[in-house]
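Working through the structure, step by step
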Amino acid sequence: MAKDNEMEIDIVSDQTNSTPKFSIHVLQLLKSAQMQHGLRFGDYTRYRRYCTARLRRLYKSLKFTHGRGKYTKRAIQPSMVTEVRFLHVVLYTSERAWSHAMEKRQLPDGPNARQRRYLIGRLRKAVKWATFFAELCAMKGDSRTSLEAEAYASYMKGNLLFEQDQNWDIALKSFKSARAVYEELGKYGDLENQVLCRERVEELEPSIRYCLHKIGESNLQASELLQIGEMEGPALDLFKAKLEAVMAEARSQQAASMTEFKWLGHRFPISNAKTRVSILKAQELEKDLQGPKGESIPAEKRLVIFDKIFAAYHEARSSIRNDLANAGNSENMKDDLSGLDKAIGAVLGQRTIERNQLLVSIAKSKLNKLRDDKNDRATKPEELVRLYDLLLQNTADLSDLVSSGRDRKPEEVAFAEECEIESSIFRAERCFYLAKSYSLAGKRTEAYSLYRLACSLADTALKRLQSSTTADQEVLKYLKVLYNESRSNSCIEHALGIMELEKAPEKLSEKISTMSLTAKEMKLGNYLLDKLDAYESAVCDANTRGAPRIETFPPAFQAVPRNPIVLDLAYNSIEFPALENRMKKDKKGGLLSRFWG
């Protein structure tokens, strides 16, 4: 946790005045606290709790508590600021209010009217404390600290107006003022400070452009706004929330003209506005992936877009099933909603296959990659086998879904055939990488058999694809490469298997010749316990691999003496005395014998 001595805090004496001037690197202090306590992952709840705990420690260390039991308000006056920690109290109070507002902004369904009033109230509180912090720094801080505090207060004021959707010219002026200060501060100081100031300038730029767009002085398009929204940083979260609200409003207007959903020759009417908006959102994201700029998007961002597409389609299916449950006895409406749910499920299955294919391409790029970095791990063939298992399952589910109808259209029949061809291709690739995993394990027989099977499956898929009318040339080329690699690798495995078989007797004889009944691998004196009188190291060098030779472990078997076995040979020759006269006799008789003995 950040402490007072974590950040560089100087006390500068003014030549014209004897009172000390405090120096705080405000941006550096806040950025370090935010990144260490939740905002690296957008967790504003954790950061708010950190600010609360930080304020509690500051109050206790300054002995500036507010009473026990009953709360007694104590205000900070400029004359009381004799330590830099008083400035920290005001700064972290503003940060706590701001993080609380951002926490409400990130609710799953968005803040309602009551929560939004509370959110704006917390932003007002943050602006109030940020302004007070700037006033205190103007009196008690040096020029640089005062400038940073003014920029921080302007940024908070711009956030409040940005959230209120009013006074865009004043919000623009506040953001521009903060940007000008950070641009100047970024020219001086150490390298870390310059980088932080430049990052803050880049984070403020989208908000400035959006304010210009609202005023009417900019001709920004919706695509440019989306591109700006792809930037990262805590300063951009309010902008992203505002942008998402604007895009949702635009989708609602555009969805009013969307009356049906087309899929494989079918037309399904859409009556629910929420379903239309969700489908439209998913289709916009699909255009980003399938458009001309889709290939230039990094793989990590493509995966994020796929997750958003899945969320939108799942939301659409949820609203469709709610409508289906409330449809009543209307058979026509039920048929339309069932068909629409089936169509959305099929599109969702297609996007799932595309996402898994993207994961396969990422894994293939790391298959033969050397491990240069600890975080960059090379892919094993077993991981590709698992991914192809998922692809086969996804293709089978999609084929079953498309083939489940009674009266199928030609488009559905053609789509089912494409699914079968894709399944055969995935099966050949899975077999190829399974053979590679056996080859790396040294199992030549299994690897040879699997390579031959992969060659056969690739040939079958190649023939089926060539007979299809919609054959993709890139896929044909890839299948030919897969067929040739499988055939060549099967020959290599065959040759390696024969070589190992020929060398097996020689290796066996070498192993037998090195065997010893004494179980002593080394001569006496090579271990530390055997040469305690000699100053020789038993630890290997750092550049060589080998275990320290302290003592043999496990220790060798040794013969140990046992207790003698005693055999009692005189037992059979002993004559024991008779004991019949000492034994009790049983007396049996009649009634008279009881009287006369």
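Just so we're clear, the structure is a prediction, and the values are computed from it rather than from any experiment. (Residues numbered from 1 in each chain as written. Predicted model: local features only at pLDDT ≥ 70, side-chain atom pairs only at ≥ 80, totals over all residues. Heavy atoms only, no water.)

So, about the overall build of the protein. On a plain count of helices and strands, the protein comes out with 17 helices and four strands. When the 597 residues of the protein are sorted by exposure, 38% land in the buried category. Counting every atom, the protein has about 38,300 Å² of accessible surface; 52% of that belongs to carbon and sulfur. (Helix = DSSP H or I, 4+ residues; strand = E, 2+ residues; numbered from the N terminus. Buried < 20%, exposed > 50% of the residue type's maximum accessible area, 1.4 Å probe, protein only. Areas by Shrake-Rupley, 256 points an atom, 1.4 Å probe, with all protein chains shown as cover.)

Under the counting rule described, the total for this entry stands at 21 salt bridges. Two residues, Arg116 and Glu163, come together in a salt bridge whose shortest N-O distance is 3.5 Å. Here Arg116, found in helix 4 (residues 113-140), pairs with Glu163, found in helix 5 (residues 143-164); they are 47 residues apart in sequence, far enough to count as distant. Three or more residues joined by partner-sharing salt bridges are found here, namely Lys31, Arg200 and Glu203. (Salt bridge = Lys/Arg side-chain N within 4 Å of Asp/Glu carboxyl O.)

Take a nonpolar patch on the surface next. Taken together, Leu529, Leu532 and Ile550 make up a surface patch of nonpolar side chains, about 290 Å² in accessible area. Of note, Ile550 is situated in the loop between helix 16 (473-513) and helix 17 (593-596). (Patch = residues over 30% accessible without salt bridge, like charges linked within 9 Å, V, L, I, M, F, W, Y side chains within 5 Å.)

Note: α-helices contain 3.6 residues per turn, so residues at a spacing of three or four share the same orientation. The buried fraction of helix 1 (residues 26-36) amounts to eight of the eleven residues, a majority that puts the element mostly inside the structure. Taken together, the buried positions of helix 1 are Val26, Leu27, Gln28, Leu29, Leu30, Lys31, Ala33 and Gln34. Taken from the residues just after helix 1, Gly38 is the one with a positive phi, measuring 115°.

Moving on, we get to the side chain of Ser99. With respect to the helices, strands and loops of the structure, Ser99 is situated in helix 3 (residues 84-105). If sequence neighbours within four positions are ignored, Ser99 has contacts with Tyr44, Tyr47 and Arg48. (Contact = heavy atoms within 4.5 Å.)

If you look at the biggest cluster of nonpolar residues, it comprises 64 residues, and the most contacted ones within it are Tyr47, Leu87, Tyr92, Trp98, Phe133 and Tyr182. Elements with a contribution of two residues or more to this core: strand 2 (20-24), helix 1, helix 2 (44-62), helix 3, helix 4, helix 5, helix 6 (168-185) and helix 7 (191-215). In terms of residue count, the dominant contributor to this core is helix 3 (eleven residues). Setting aside chain neighbours within four positions, we find Tyr47 in contact with Leu30, Ala33, Gln34, His37, Leu39, Glu95, Trp98 and Ser99. Judged by nonpolar contacts, the second largest core, of 60 residues, contains Ala282, Leu340, Leu392 and Phe426. (Core = buried A, V, L, I, M, F, W, Y, C linked by side-chain atoms within 4.5 Å.)

Should the pLDDT be low somewhere, the predicted coordinates at that spot are not to be read in detail. Residues of the protein with pLDDT of at least 70 account for 81%, and the chain-wide mean is 80. The low-confidence segment residues 370-374, where pLDDT is below 50, has one contact with residues more than four positions distant or belonging to other chains. Low confidence marks residues 519-524, where pLDDT is under 50. Its contacts with residues over four positions away, or in another chain, come to four contacts. (pLDDT = per-residue confidence, 0-100.)

Turning our attention to the packing of helix 14 (residues 410-440) against helix 16. With their axes 11 Å apart at the nearest point, helix 14 and helix 16 run at an angle of 30° to one another. By the criterion of interaxial angle, the relationship of helix 14 to helix 16 is roughly parallel. Here helix 14 runs over helix 16; the crossing is left-handed. Residue-level contacts link Ile425, Ala428, Glu429, Phe432 and Ser439 of helix 14 to Val475, Tyr478, Leu479, Leu482, Glu485, Ser486, Asn489 and Glu493 of helix 16. A breakdown of the residues in the contact of helix 14 with helix 16 according to their chemical character gives seven nonpolar, three polar and three charged. (Axes fitted to C-alpha atoms, helices over the stretch in contact; angles between N-to-C directions. Parallel < 35°, antiparallel > 145°, perpendicular 65-115°, else oblique. Left-handed = near helix turned anticlockwise from the far one by under 90°. Nonpolar A, V, L, I, M, F, W, Y, C, P; charged D, E, K, R; others polar.)

Our next topic: the packing of aromatic side chains. Applying the stated criterion to the full structure yields 14 aromatic pairs. Ring centres 6.3 Å apart and planes at 45° place the aromatic pair Tyr388 and Phe426 in the tilted group. Placement of the pair is Tyr388 in helix 13 (residues 381-402) and Phe426 in helix 14, with a sequence separation of 38 residues. Phe426 carries the same exposure label as Tyr388, and that label is buried. The rings of Tyr388, Phe426, Phe432, Tyr433 and Tyr451 are connected pair by pair, giving a single aromatic cluster. Sitting over the ring of Tyr155, Arg200 keeps its end group 5.1 Å from the ring centre. (Phe/Tyr/Trp six-rings, centres within 6.5 Å; stacked < 30°, edge-to-face > 60°. Lys NZ or Arg CZ within 6 Å of the ring centre and 35° of its normal.)

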